[in-house]
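Working through the structure, step by step
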Amino acid sequence: MTTMTAAGDAAHTRHHWWQHRTLSRFLRHRLAATGLAIILMLTLACLLGPHLLPYDELTVDLRARFSPPLTQDHYLGTDPLGRDIAARLLMAGRISLLVGFSVMLISTVFGTLIGVVAGYFRGWVGSVLMRIVDAFLAFPSIFLVLVLSAFVEPSPFMITVIIALTCWMEIARIVEAEILSLRERDFTIAARLSGASARWIMFRELVPNAMGPIIVAATLTIANAILLEAYISFLGYGIQPPLPSWGNMLNSAQQYLADAPWLAIVPGITITLAVSSFNFIGDGLRDALDSRSNLP
Amino acid sequence: MPADVMIETVALKKHFPVRKGILQREAKAVRALDGISLTIRRGEVLGLVGESGSGKSTLGKTLMMQEPPTSGQIVFGDTEISRFSERLLKPFRRRMQMIFQDPFSSLNPRMSVGDSLTMPLRFQAPDMSASARLDKARQVIETVGLSGDILERFPHEFSGGQRQRIGIARALITDPEFIVADEAVSALDVSVQAQVLNLLTEIRHRWQLTMLFVTHDLAVVGHIADRVAVMYLGKIVEVAPTRELFTRPRHPYTEALMSAVPTPERRAHQRIMLEGDIPSPISPPSGCAFRTRCPYAKPACADSAPPLDVRGTGHYAACHRPELELASPIAT
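Anyway, here's the lowdown on the structure attached to this text. Positions within a chain are numbered from 1, following the residues in the order the chain's sequence is written. Lettering for chains starts from A, numbering for ligands starts from 1, and both go in the order in which the items are written. Only residues with pLDDT of at least 70 get local features here, since the model is predicted, and only at 80 or more are side-chain atom pairs given and counted; chain-wide, interface and lining totals rely on the full set of residues. Calculation of side-chain values draws on the structure's entire complement of heavy atoms; hydrogens and water are dropped beforehand.

On to the overall build of chain B, then. Assigned secondary structure in chain B consists of 9 helices and 12 strands. Radius of gyration: C-alpha atoms only; globule rule: 2.2 Å multiplied by the number of residues to the exponent 0.38. Taking 20 Å as the expected radius of gyration for a compact globule of 332 residues, we find that chain B reaches 21 Å, a close match to that expectation. By the burial criterion, 52% of the 332 residues in chain B qualify as buried. Here, residues are in contact when the closest pair of their heavy atoms is within 4.5 Å. Once local pairs closer than 6 in sequence are excluded, the contacts in chain B between residues at least 24 apart make up 65%. Here the open area of atoms and residues is found with the Shrake-Rupley method and a 1.4 Å probe, where only the protein chains shown may cover a residue. Total accessible area on chain B is roughly 14300 Å²; 51% of this is exposed by carbon and sulfur atoms. Residues scored as charged are limited to Lys and Arg (positive) and Asp and Glu (negative), so that His and the chain ends carry no count. Charge placement uses NZ in Lys and CZ in Arg. For Asp and Glu, CG and CD serve respectively. Between the averaged position of the 41 positive side-chain charges in chain B and that of its 36 negative side-chain charges there is a distance of 4 Å. Each helix is a run of DSSP H or I of at least 4 residues and each strand a run of E of at least 2, with the numbering of both proceeding from the N terminus. Here the term buried applies to any residue with accessible area under 20% of the maximum for its type, exposed to any over 50%, and partly exposed to those in between, with areas from a 1.4 Å probe on protein chains only.

Set out below in structure tokens:
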């Protein structure tokens, strides 16, 4: 009586569910698709650009100081020391984007771990972990970052660690809430009733099903991290000159705002573009991965 | 204990505390199971019926030791397991498995069918090689009427009925002796329901399974169960062999439940309408819990809870009025 059902209705498609549905939904989100295109171009430019430009980001040319954009082959002009802004911008982009991605990786992994352990074990383990999360959240992150960076050597690595320390709580909270609801689902109960280990249930049953919200939060974390790095570098506690970062380029532009406005405008626009692109990508992913609109 | 008993409960209680105030004091408790003593014999299918909130699903889950009971005993085979830790329970988990109600929630959407099926073996048969596990999965998936090449696919590619078959296969893969089927066909279309019921009947005979079949559907229970237990507000009110219960109910609640089953012949006025909702299991009525809705209640019913008394061979009912001649609305 039964073999006919196997070949029946739903069985002809063979692909991962996200392979086209989520992707096409994401691309239909105009702003998100534009954001993705901008980030891809920006990343590509930062990786390849410095090799194609005639100047290196540290070459000082005092005869060419304060050249406005499009002076000879200084496409974006030069700074008070005559260094090429285009070259500096792209090298700074490498650092800023790298900091952004690294912070995202560290804080996502850490936040997910905390969230899944708190959500799975609940009880006092969950309470203690989530109160720690609350304690971290209670500090305004910009002050926390400034206080921490006052104590350490501000290398790009330390800046990344410091920013990551202030970015993982949001993800921990999202993951914990998600796990609390997933752990009551029948497939989790089935695993428990089969004697599955806590590790299996957490990382094979629960976390893969929370990936949607985690990915969204991770994307928004990149935007947040880039912004935080720009803040602290702008305030002088972050990436130290002569190493360029988008934040410290803004910092050195302050005193020449009236005479050489491109010094501030160029990195300013770049930060805005990068941050809002990541935010739009996050929005698009949120819509595309929304499990409620994904029900079969 | 006689060797033919698979699982037995003695005065089993499961109370869920209702916490109140900032101090989370345990103010009251929902008495989901309020003293269940029940025996399921090896090889039989016991149907468990009752309306929503009667505690029937809680009984199934508690037998599976999803959570420890509040008090009372669960004897599985010849071992009292109700106080066992998860570590001690692990070897018993191979021998008892569960089939879930909702085929869309019972399979992990991010796990291939093969991974879902072999998951219990990873923990119950750790010595088995990955390929031996897959062979076993292929074997059970064919037993439930699906083809062996679906193991790499994902649950979303299947219909509700197919998913339910996969869920049944997962329950069978550890060669269990006892299965709790919690509303296993309730979420399916009627035509698919019949197919899955036939499959369960077939499997049950082939594997000599003992089953607790939890459902609210009397027609389904009549089809598959050897005996039926009727639950009301956390208590068993009647237990009897299926045919006996259907032809000669001895508890007014059973009579009312059966009169609610739609049949082509019956007219509306022949139904016994129960008034009101099932009372709150936080504060059940005194005496007989059913008296507030019972058409035959006397004042004395409020005084004491009726015990589950013998009414015939293997027939027990908990009612203060054993003299009642109740109608048998269903001719089977």
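Here, a disulfide means two cysteine sulfur atoms that sit within 2.5 Å of each other. With the rule as written, the count across this model stands at 0 disulfides over all chains. This cysteine, C319(B), is not joined by any disulfide, and C294(B) carries the nearest cysteine sulfur, 6.2 Å off.

Between chain B and chain A, the residue contacts involve 44 residues of the former and 33 residues of the latter. Buried area is understood as the total, over both parts, of accessible area removed when two parts are fitted together, assessed with a 1.4 Å probe. Around 3300 Å² of area is buried between chain B and chain A when both sides are counted, 55% of it from carbon and sulfur atoms. The largest per-residue losses of area from chain B upon contact with chain A belong to R110(B), F123(B) and E157(B), which jointly make up 19% of the total buried on that side. Throughout this description, a polar contact denotes any pair of N or O atoms lying within 3.5 Å of each other; where both atoms belong to protein, one of them has to be capable of donating a hydrogen while the other can accept it, and for residues adjacent in sequence the pair is counted only when both atoms sit in side chains. Counting across the interface, chain B meets chain A through 8 residue pairs in polar contact (both at pLDDT 80 or more).

All names here are of chain B. Most of strand 3 (residues 45–49) is tucked away: 5 of the 5 residues are buried. Of the two faces of strand 3, the one holding V45, G47 and V49 and the one holding L46 and L48 are both buried throughout. The pairing criterion is simple: DSSP has to find at least two bridges between the two strands. Two elements, strand 3 and strand 8 (residues 210–214), share 4 bridges in a ladder whose sense is parallel. Note that in strand 8 the partner of G47 across the bridge is F213. Inspection of the sheet shows strand 3 paired to strand 9 (residues 227–232) by 4 bridges, in the parallel sense. Along strand 9, the bridge assignment pairs L46 with R227.

Next up on the list: the nonpolar core. The term nonpolar core refers to a set of buried residues drawn from Ala, Val, Leu, Ile, Met, Phe, Trp, Tyr and Cys, joined through side-chain atoms within 4.5 Å. Core analysis: the biggest nonpolar cluster contains 55 residues, and L117(B), I141(B), V144(B), I166(B), I168(B) and F213(B) have the highest contact counts within it. Dropping the residues within four chain positions of it, I166(B) is found in contact with L107(B), V113(B), L117(B), I141(B), L146(B), I150(B) and F158(B). Counting residues in each nonpolar core, the second largest holds 36 residues, with L53(A), L89(A), A253(A) and L289(A) among its members.

Moving on: the layout of surface pockets. The volume enclosed by the second largest pocket comes to roughly 700 Å³. As for the second largest pocket, its lining consists of 27 residues, of which R122(A), E184(A), R192(A), Q66(B) and E67(B) are closest to the centre. Looking at the lining of the second largest pocket residue by residue, the classes come out as 10 nonpolar, 6 polar and 11 charged. Computed over the protein atoms alone on a 1 Å grid, cavities are sets of points where a 1.4 Å probe fits but cannot get out and pockets are open sets with protein on both sides within 12 Å along at least five of seven lines; a residue lines them when it has an atom within 4 Å of a point. Grid points are joined across faces, edges and corners, and a volume is the space filled by probe spheres set on the points. Three residue categories are used. Nonpolar comprises Ala, Val, Leu, Ile, Met, Phe, Trp, Tyr, Cys and Pro, charged comprises Asp, Glu, Lys and Arg, and polar comprises the others, including Gly.

What follows deals with empty space enclosed by the protein. Which parts of space are left empty comes out when a probe the size of a water molecule is rolled across the atoms. Evaluation of the coordinates by the stated rule reveals 4 cavities of 30 Å³ or more. Approximately 90 Å³ is the volume found for the largest cavity. Lining the largest cavity we find D79(A), P80(A), I85(A), R88(A), M249(A), S252(A), A253(A) and L263(A). At the level of secondary structure, the elements contributing two or more residues to the lining of the largest cavity comprise helix 4 (85–121) and helix 12 (246–253) of chain A. Classifying every residue of the lining of the largest cavity by side-chain character gives 5 nonpolar, 1 polar and 2 charged. By volume, the second largest cavity is sized at about 70 Å³. Lining the second largest cavity are 13 residues, with P252(B), C288(B), C294(B), C301(B) and C319(B) sitting closest to its centre.

For helix 6 (residues 141–151) of chain A, the full list of buried residues reads L144(A), V145(A), L146(A) and S149(A). In this structure, the buried residues of helix 6 of chain A make contact with helix 5 (123–138), helix 7 (156–165) and helix 11 (211–234) of chain A.

Residue and element names in this part refer to chain B. Mapped onto the elements of the fold, L199 is located in helix 6 (residues 190–207). In this structure L199 comes out as buried when scored by relative accessible area, which is 1%. Each C-alpha atom of the pair L199 and I81 lies 30 Å from the other, and the pair is 118 residues apart in sequence.

What follows deals with the pattern of salt bridges. Residue and element names in this part refer to chain B. We define a salt bridge as a contact between a side-chain nitrogen of Lys or Arg and a carboxyl oxygen of Asp or Glu at a distance within 4 Å. With the rule as written, the count across this model stands at 22 salt bridges over all chains. Across the pair K235 and D34 runs a salt bridge, and its minimum N-O distance is 3.6 Å. Linking K235 in strand 10 (residues 235–241) with D34 in strand 2 (residues 25–41), this pair joins segments that are 201 residues apart in sequence. For K235, a relative accessible area of 31% translates into the label partly exposed. Overall, the relative accessible area of 10% leaves D34 in the buried class. For K136, the salt bridge goes to D175, with nearest N and O atoms at 3.2 Å. Of this pair, K136 sits in helix 4 (residues 130–143) while D175 is found in the loop between helix 5 (160–172) and strand 7 (178–182), placing the two residues 39 residues apart along the sequence.

All names here are of chain B. Topologically, R227 is positioned in strand 9. Relative accessible area serves as the criterion here: at 10%, R227 is assigned to the buried category. With residues near it in sequence (within four places) discarded, R227 still touches T39, I40, R41, E44, V45, L46, G47, V239, A240, P241 and T242.

Turning our attention to the packing of aromatic side chains. Pairing of aromatic rings covers Phe, Tyr and the six-membered ring of Trp, with a centre-to-centre limit of 6.5 Å; geometry is then stacked below 30 degrees between planes, edge-to-face above 60, and tilted otherwise. For the structure shown, the criterion picks out 11 aromatic pairs over all chains. Seen in terms of ring centroids, F101(A) and F278(A) are 6.0 Å apart; in terms of plane orientation they differ by 80°. Their pairing is edge-to-face. One end of the pair, F101(A), is in helix 4; the other, F278(A), is in helix 13 (residues 262–289), with 177 residues separating them in the sequence. Taken together, a centroid distance of 6.0 Å and an interplanar angle of 85° make the contact between F76(B) and F92(B) edge-to-face. One end of the pair, F76(B), is in strand 4 (residues 71–76); the other, F92(B), is in helix 2 (residues 86–95), with 16 residues separating them in the sequence. The buried category is assigned to F76(B), whose relative accessible area is 0%. Judged by relative accessible area, which is 10%, F92(B) ranks as buried. Joined through ring pairs, the aromatic side chains of F76(B), F84(B), F92(B) and F178(B) make up one cluster. Note that R183(A) overlies the ring of Y120(A), its terminal NZ or CZ placed 5.5 Å from the centroid. Here, over-ring charges are defined by two tests on the NZ atom of lysine or the CZ atom of arginine: distance to the ring centre within 6 Å, and angle to the ring normal within 35 degrees.

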